[in-house]
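Examination of the molecular architecture
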Amino acid sequence: VSVYVTPLHIILMENKTQVSRLIPLEAVRQVAAMRRIDQPRADGLVVFEAQGEKFAFATKRYEELAQAVADAARRSLEVPLLQKQKGKEDEEE
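1. Some points on helix α1 (residues 62-77)
In this model, α1 (16 residues) spans 23 Å end to end at C-alpha, consistent with the 22 Å of a helix rising 1.5 Å per residue. Those residues of α1 that sit buried are Tyr62, Leu65, Ala66, Val69, Asp71, Ala72 and Ala73. In this fold, the buried residues of α1 make contact with β1 (2-5), β2 (9-14), β4 (28-34), β5 (44-50) and β6 (53-59).

Set out below in structure tokens:
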């Protein structure tokens with residue numbers, strides 16, 4: 001399984017060609033990066049919850065993946081900045 005983090009979704013792909021799951025970032029909660037206690041030299045885990053399910057992925061770069069998921073999920077919840085349009089009052093000044 002390959003995991004891709006985009007601005008709107010976490011995409012899970014099988015065989016690098018078939019999308020098996022789209023997880024909206026706005027649904028992602030409780031992201032954690034952790035070492036495995038049972039096998040300290042093994043890949044670390046990235047764990048999060050979304051849409052009532054728990055997900056866990058093992059990878060060597062687990063801290064980086066967890067940070068990317070957490071940052072993207074946080075950004076998906078932020079209110080986008082809107083550019084103020086000039087009105088007649090602004091043009092007179």
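2. Some words on the sheet that holds β6
Strands sit in the order β4-β5-β6 across an open sheet of three strands; the sheet is antiparallel. The open sheet terminates on both sides in strands that have one partner only, identified here as β4 and β6. Averaged over all adjacent pairs, the angle separating strand axes in this sheet is 15°, with direction ignored. Bridge count between β5 and β6: seven bridges; the pairing is antiparallel. From the neighbouring strand, Val46 faces β6, where its bridge partner is Phe57. Sheet contacts for α1: β4, β5 and β6; angle to β4, the most-contacted strand, approximately 160°.

3. Considerations on the nonpolar core
Counting residues in hydrophobic clusters, the biggest one holds 17 residues, and the most contacted among them are Ile10, Ile23, Val28, Phe48, Ala50 and Phe55. At six residues, the largest contribution of residues to this core is made by α1. With sequence-adjacent residues up to four places away left out, Phe55 is seen in contact with Leu12, Arg21, Ile23, Val46, Val47, Phe48 and Ala50.

The rules behind these values
Residues numbered from 1 in each chain as written. Predicted model: local features only at pLDDT ≥ 70, side-chain atom pairs only at ≥ 80, totals over all residues. Heavy atoms only, no water. Helix = DSSP H or I, 4+ residues; strand = E, 2+ residues; numbered from the N terminus. Expected span 1.5 Å × (residues − 1). Buried < 20%, exposed > 50% of the residue type's maximum accessible area, 1.4 Å probe, protein only. Contact = heavy atoms within 4.5 Å. Pairing = 2+ DSSP bridges. Axes fitted to C-alpha atoms, helices over the stretch in contact; angles between N-to-C directions. Core = buried A, V, L, I, M, F, W, Y, C linked by side-chain atoms within 4.5 Å.

These results come straight from atomic positions and should not be treated as a statement about function.
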